[in-house]
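Residue-level listing of the chains:
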Amino acid sequence: MLQKIKESCTECGACRKYCAFLSRYGTPKRIADHLDFSLSHHPSIAHECSLCGLCSAICPEDLDPASLFLGIRRRFVEDGHFDNTPYRAILGYEKRGVSPLFSWYGLPEGCDTVFFPGCTLPGTRPAVTIKLYRELKQTIPALGFVLDCCTKPSNDLGRTDPFHAVFGEMHQYLIEHGIRTVLTACPNCTKIFRLYGHGLAVRTVYEILHDIANAIPAHFTGTALTIHDPCALRADLNTHSAIRGLLAKRGYTVTEMKHRGKNTLCCGEGGMVSAVNPELAQAWASTRCREAGGHKIVTYCAGCADNLNRVVPTVHIADLLYHPEAVLNGNPRVARAPLTYLNRLLLKRRMNREVNPAVQRMRPLKVGKVLRAF
């Protein structure tokens, strides 16, 4: 990809216009031509890219600069230059997610489909997570439930070996136990499963909810909202349509932002940029705030919701579906750390009763040791 960008990037500037990273450092060609990525200090620039993929989505030459920067991160790790110090918080979060304490798999008799809510939603919104499961179960009676981490942080940081070891262990377990479909609530988990979960069909829960939500009273006709499409699902037209359909069926009026769908912007959390360059991360969030034009933002990523809510009122669509009055009154129940960890433990106990599993497990201790070794 490095050579292809050197040869094919015309420096038209399309990717720079709305990217805080490229606006600072120049076109992909300029970066490729002027930096020697074999040096220990030059590759660190790749950690300031959010990996959101907007550059790749709008490039008239069909280039993929985001893949270039992810590749540079991977090379950085392979060469032994990676310093995990700035990322200790997120990597610690990831390690806890795959630990026996916080992970749990519950598979009822005849289960071939599981609900995988991710890490953030169960911690910040455990009651909503349960309601999602119950509604899905009405359509899929033998629905299983998996509390685990997809280890996207390690993947995005270029920690390829531990990522494949940990995600691969989960993937193998699901396949061996007859799981054929994974329903995801987190866009990042969705992307990881679609990229690496070979043999598994992956759908977002929002597609399912839209399919089964046919006759819902429109109690909130005329309430104006805008939508932030998470960058991990910028190409997922089915989910884009499902989100808008769910809001329309409930009577909400959607005013679209300039950048949406395929051309959506990063919320500022992507690529863990805030760990090394908070100003860049803030720049993305501020742009999103301006584009919202004073409207409350609805998104379907818990991470995006929490990050954007610091600069502009933002809610998760699951809160809006199950607690609309609280959301519209400005009082949605969203937990913060360290309460999020307690919520995940309590949810694990609660789901054991909800699922009544024929097969259950927690991640083996050795899986977490793989992450700790790096």
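Residues numbered from 1 in each chain as written. Predicted model: local features only at pLDDT ≥ 70, side-chain atom pairs only at ≥ 80, totals over all residues. Heavy atoms only, no water.

**Some words on the sheet that holds strand 3 (residues 144-147)**
The following threshold applies: Note on pairing: DSSP must find at least two bridges between two strands before they are called paired. Helix and strand definitions follow DSSP, with helices as H or I runs of at least four residues and strands as E runs of at least two, each counted in order from the N terminus. Axis geometry follows a simple rule: fit a line to the C-alpha atoms, using only the stretch in contact for helices, then measure angles between N-to-C directions, giving values from 0 to 180 degrees.
Pairing within the open sheet is mixed, and its 6 strands lie in the order 5-4-2-3-1-10. If you trace the sheet from one side to the other, it starts and ends with strand 5 (201-204) and strand 10 (359-361), each paired once. For this sheet, the mean inter-axis angle between neighbouring strands, taken without regard to orientation, is 20 degrees. Looking at chain direction, strand 4 (residues 181-184) and strand 5 are connected through 4 bridges and run parallel. Bridge pairing in strand 5 places Thr184 opposite Thr204.

**Some points on the pattern of salt bridges**
Our working definition: In the sections that follow, a salt bridge refers to a side-chain nitrogen of Lys or Arg positioned within 4 Å of a carboxyl oxygen of Asp or Glu. Think of it in three bands: residues with accessible area under 20% of the maximum for their type are buried, residues over 50% are exposed, and the middle band is partly exposed, with areas taken using a 1.4 Å probe on protein chains only.
Taken as a whole and judged by the stated rule, the model has 18 salt bridges. Between Asp148 and Arg363 there is a salt bridge, with the nearest N and O atoms lying 2.6 Å from each other. Within this pair, whereas Asp148 is found in the loop between strand 3 and helix 9 (152-156), its partner Arg363 is found in the loop between strand 10 and helix 19 (365-372), the two being separated by 215 residues in sequence. We note that Asp148, like Arg363, is buried. With a closest N to O distance of 3.8 Å, Glu207 and Arg194 form a salt bridge. Taken together, the residues span a long stretch of sequence, with Glu207 in helix 12 (residues 205-212) and Arg194 in helix 11 (residues 187-196) at a distance of 13 residues. Given the relative accessible area of 37%, Arg194 is considered partly exposed. If you follow the salt bridges from partner to partner, you end up with Arg194, Arg203, Glu207, Asp211 and Asp236 in one network.

**What about helix 18 (residues 339-355)?**
What counts is decided by this rule: Take the residue count of a helix, subtract one, and multiply by 1.5 Å to get its expected span. Here a residue-residue contact requires only that any non-hydrogen atoms of the pair lie within 4.5 Å.
Its 17 residues give helix 18 an end-to-end C-alpha distance of 24 Å, which sits within 8% of 24 Å, the value for a rise of 1.5 Å per residue. Taken together, the buried positions of helix 18 are occupied by Thr340, Tyr341, Asn343, Arg344, Leu347, Lys348, Met351, Glu354 and Val355. The inward-facing, buried residues of helix 18 abut helix 6 (88-97), strand 1 (104-107), helix 7 (120-124), helix 8 (126-139) and strand 3. At the exit of helix 18 stands Asn356, carrying a positive phi of roughly 50 degrees.

**A short note on the packing of aromatic side chains**
This is how it is decided: Classification of ring pairs rests on two measures: the distance between centres of Phe, Tyr or Trp rings, Trp counted by its six-membered ring, which must be within 6.5 Å, and the angle between planes, read as stacked under 30 degrees, edge-to-face over 60 and tilted in between. Our definition puts a charge over a ring when NZ of Lys or CZ of Arg is within 6 Å of the ring centre and also within 35 degrees of the ring normal.
According to the stated counting rule, one finds 14 aromatic pairs in the structure shown. For the pair Phe21 and Tyr25, a centre-to-centre distance of 5.4 Å together with 55 degrees between the ring planes defines the contact as tilted. With a gap of 4 residues between them, Phe21 and Tyr25 both fall in helix 2 (residues 20-25), about one helical turn apart. On the accessibility criterion, Tyr25 (27% relative accessible area) is partly exposed. Seen in terms of ring centroids, Phe115 and Phe145 are 5.8 Å apart; in terms of plane orientation they differ by 70 degrees. Their pairing is edge-to-face. One end of the pair, Phe115, is in strand 2 (residues 113-116); the other, Phe145, is in strand 3, with 30 residues separating them in the sequence. Phe115 gets classed as buried once you look at its relative accessible area, which sits at 0%. Its guanidinium or amino end placed over the ring of Tyr93, Arg344 lies 5.2 Å from that ring's centre, counting from NZ or CZ.

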